[in-house]
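Examination of the molecular architecture
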Amino acid sequence: MVAIRDFNGDGILDFVVVNGNGNTVSVLLGVGNGRFGSQTTFPTGLSPFSIAVGDFNSDERLDLAVVNKGDNTMSVLFGTGSGSFGPQIIYATNPSPFYIVVGDLNGDSRLDLVVANYYSSNVGVFLGVDNGNFGPQTTYPTVGTPTFIGIDDFNGDAHLDLAIISYNWATVSVLLGTGTGAFRLQTTFSTSFAPYSLAIGDLNGDGRVDLVLGSIKPLLYSVGVFFGNGNGSFGLQTTFSGGSTSRPAWITISDFNGDGITDIAVSNYLSSIPNVGVLRGTGNGSLVLQTTIATGSSSSLTGIAAADFNNDGRLDLVVCDNSANKRVNIFLNTCT
């Protein structure tokens, strides 16, 4: 997984990637014009998989929270403001923490963390307390073996809610927040496939949050969209093709062609022709394949994120390659 922020305060975007086999995270500082310096690594727990970024201790420096599948922990690393990070502080999770998101769940102006605990079939909520510390997790049942979490306000009550998926079940769980850091019992929505990935955004311009799912299951390679009703529920799934080589493992949502309409980009995992696909939004929620970008026959693409790395006003892509290449691909936007 990859996350993009300005970690050293120089006004140039940097990024951090998770090294699952190396038990570290790598920070690459931007030097301008879409280029980056050499990586600096920082230790985590065993088999880190997902990362969240925020200022956890209110010192105006960005910190990291990483979930580690190999030893059932969460690592918190405080930023120094120079692009480096201090030693990890370790918190226990439930077995096989798979994904992590960040937000202020109880309105106390401190950031909180939510972890998808794969083998426990729940999410664990860690409420932030003073000085960047977190209390013990409180768990809430979800769809079995949860793998991804989306966080936003789905019902317009100004409280953060959660959407959770699992690539073993054709179901989405929605947990509505109470604003106190607690969540109501899950509501479930059926999908036409067991989704591997999840992203959230407003695809049809109605001001309501929608869900975008990706599937890498054989014969079901597609992108599914659930349009939000604005009350915490979602309509029936609409499915779009990403092309014959699409295996949408990870999804990012942005306006890539500057037309004011939301588009999506997907990293196509284990495709016969590994690639990044960009699907153009039409404004009514429909998606049309615009282009694919080949990444090499040996690629195994995972995390993807979007930002303007070279300050030209166009959103670029960073994509992780988990193959023997062990690299990060930067694609600068050339849309005119």
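Look up a bit, the structure's there.
Residues numbered from 1 in each chain as written. Predicted model: local features only at pLDDT ≥ 70, side-chain atom pairs only at ≥ 80, totals over all residues. Heavy atoms only, no water.

Bringing the side chain of Ser-267 into the picture now. Here Ser-267 is to be found in strand 24 (residues 263-268). The buried category is assigned to Ser-267, whose relative accessible area is 0%. In this structure the side chain of Ser-267 is engaged in a polar contact, spanning 2.5 Å, whose partner is the backbone oxygen of Thr-302. Not counting chain neighbours up to four residues away, the residues in contact with Ser-267 comprise Arg-247, Pro-248, Ala-249, Trp-250, Asn-275, Leu-301, Thr-302, Ile-304 and Val-319. (Helix = DSSP H or I, 4+ residues; strand = E, 2+ residues; numbered from the N terminus. Buried < 20%, exposed > 50% of the residue type's maximum accessible area, 1.4 Å probe, protein only. Polar contact = N/O pair within 3.5 Å; in protein donor to acceptor, adjacent residues only side chain to side chain. Contact = heavy atoms within 4.5 Å.)

This next bit is on the packing of aromatic side chains. By the definition in use, this model includes 20 aromatic pairs. Ring geometry for Tyr-118 against Tyr-167: centres 6.4 Å apart, planes inclined by 50 degrees, an arrangement best described as tilted. Here Tyr-167 lies in the loop between strand 16 (161-166) and strand 17 (169-175) and Tyr-118 lies in the loop between strand 12 (112-117) and strand 13 (122-126), a separation of 49 residues in the sequence. Tyr-167 gets classed as partly exposed once you look at its relative accessible area, which sits at 22%. Here the aromatic residues Phe-49, Phe-98, Tyr-99, Tyr-118, Tyr-119, Phe-148, Tyr-167, Tyr-196 and Trp-250 are joined through ring pairs into a cluster of three or more. For Lys-69, the ring lying beneath its charged end belongs to Phe-49, and the centroid distance is 4.4 Å. (Phe/Tyr/Trp six-rings, centres within 6.5 Å; stacked < 30°, edge-to-face > 60°. Lys NZ or Arg CZ within 6 Å of the ring centre and 35° of its normal.)

The next point concerns the pairing of strand 13. Of all the five residues making up strand 13, five are buried; the element is thus mostly covered by neighbouring parts of the structure. By the alternation rule, side chains of strand 13 split into Asn-122, Gly-124 and Phe-126 and Val-123 and Val-125, which are all buried. Where strand 12 and strand 13 come together, five bridges link them in antiparallel fashion. In the strand pairing of strand 13, Asn-117 is matched with Asn-122. What sits between the antiparallel neighbours strand 12 and strand 13 is a turn of four residues, in which Ser-121 has the positive phi angle 55 degrees. Pairing of strand 13 with strand 14 (residues 138-141) involves four bridges; the strand directions are antiparallel. Looking across to strand 14, one finds that Val-123 is bridged to Tyr-140. (Pairing = 2+ DSSP bridges.)

With six of six residues buried, strand 28 (residues 316-321) is to be regarded as a mostly interior element. Alternating positions in strand 28 separate into two faces, Asp-316, Val-318 and Cys-320 on one and Leu-317, Val-319 and Asp-321 on the other, with burial throughout. Strand direction decides the pairing type here: strand 27 (residues 301-307) and strand 28, joined by five bridges, are antiparallel. Paired with Ala-306 across the two strands is Leu-317, which belongs to strand 28. One ladder, built from five bridges, connects strand 28 with strand 29 (residues 327-331); its direction is antiparallel. Across the sheet, the residue bridging to Asp-321 is Arg-327, located in strand 29.

Quick look at the sheet that holds strand 9 (residues 73-77) now. Within the open sheet, the four strands sit side by side as 7-8-9-10. Their pairing is antiparallel. Each end of this open sheet is capped by a strand with a single partner; those strands are strand 7 (48-54) and strand 10 (89-92). Shown here is a sheet whose adjacent strand axes are inclined to one another by a mean of 20 degrees, direction ignored. Both strand 9 and strand 10 contribute to a ladder of four bridges, which runs antiparallel. Following the sheet pairing, Val-76 is matched in strand 10 by Ile-89. (Axes fitted to C-alpha atoms, helices over the stretch in contact; angles between N-to-C directions.)

In this section: the sheet that holds strand 24. Either a parallel or an antiparallel arrangement is found when strands of a sheet pair, and the pairing is made through backbone hydrogen bonds. Spatially, four strands are ordered 23-24-25-26 in an open sheet, and the strand pairing comes out antiparallel. Every interior strand has two partners, whereas the edge strands, strand 23 (248-254) and strand 26 (287-294), have only one. Adjacent strand axes in the sheet meet at a mean angle of 20 degrees, parallel and antiparallel pairs treated alike.

So, about the pattern of salt bridges. The tally for this structure, following the rule as stated, stands at four salt bridges. Arg-327 serves as the salt-bridge partner of Asp-321, at 3.2 Å between the closest nitrogen and oxygen. On the accessibility criterion, Arg-327 (32% relative accessible area) is partly exposed. Overlapping salt bridges, with partners in common, bring together Asp-108, Arg-110 and Asp-130 in one network. (Salt bridge = Lys/Arg side-chain N within 4 Å of Asp/Glu carboxyl O.)

Within soluble globular proteins, side chains that are nonpolar generally end up buried alongside one another. Core analysis: the largest hydrophobic core is formed by 60 residues, its most contacted members being Val-16, Ile-51, Leu-64, Ile-149, Leu-162 and Trp-250. It is strand 16 that contributes the most residues to this core, four residues altogether. Setting aside residues up to four positions removed in sequence, Leu-64 forms contacts with Phe-7, Val-16, Val-25, Ile-51, Ala-52, Val-53, Phe-56, Ser-75, Val-76, Leu-77 and Phe-85. (Core = buried A, V, L, I, M, F, W, Y, C linked by side-chain atoms within 4.5 Å.)

All right, on to the side chain of Thr-252 then. Of note, Thr-252 is situated in strand 23. Residue Thr-252 is classed as buried on the basis of its relative accessible area, which comes to 11%. When residues no more than four places from it in sequence are discounted, the contact partners of Thr-252 are Asp-263, Ile-264, Ala-265, Ile-304, Ala-305, Ala-306 and Leu-317.

Looking at the secondary structure, you find Phe-36 in strand 5 (residues 35-36). Taking the C-alpha atoms as reference points, Phe-36 and Phe-15, 21 residues apart in sequence, are found 8.9 Å from one another.

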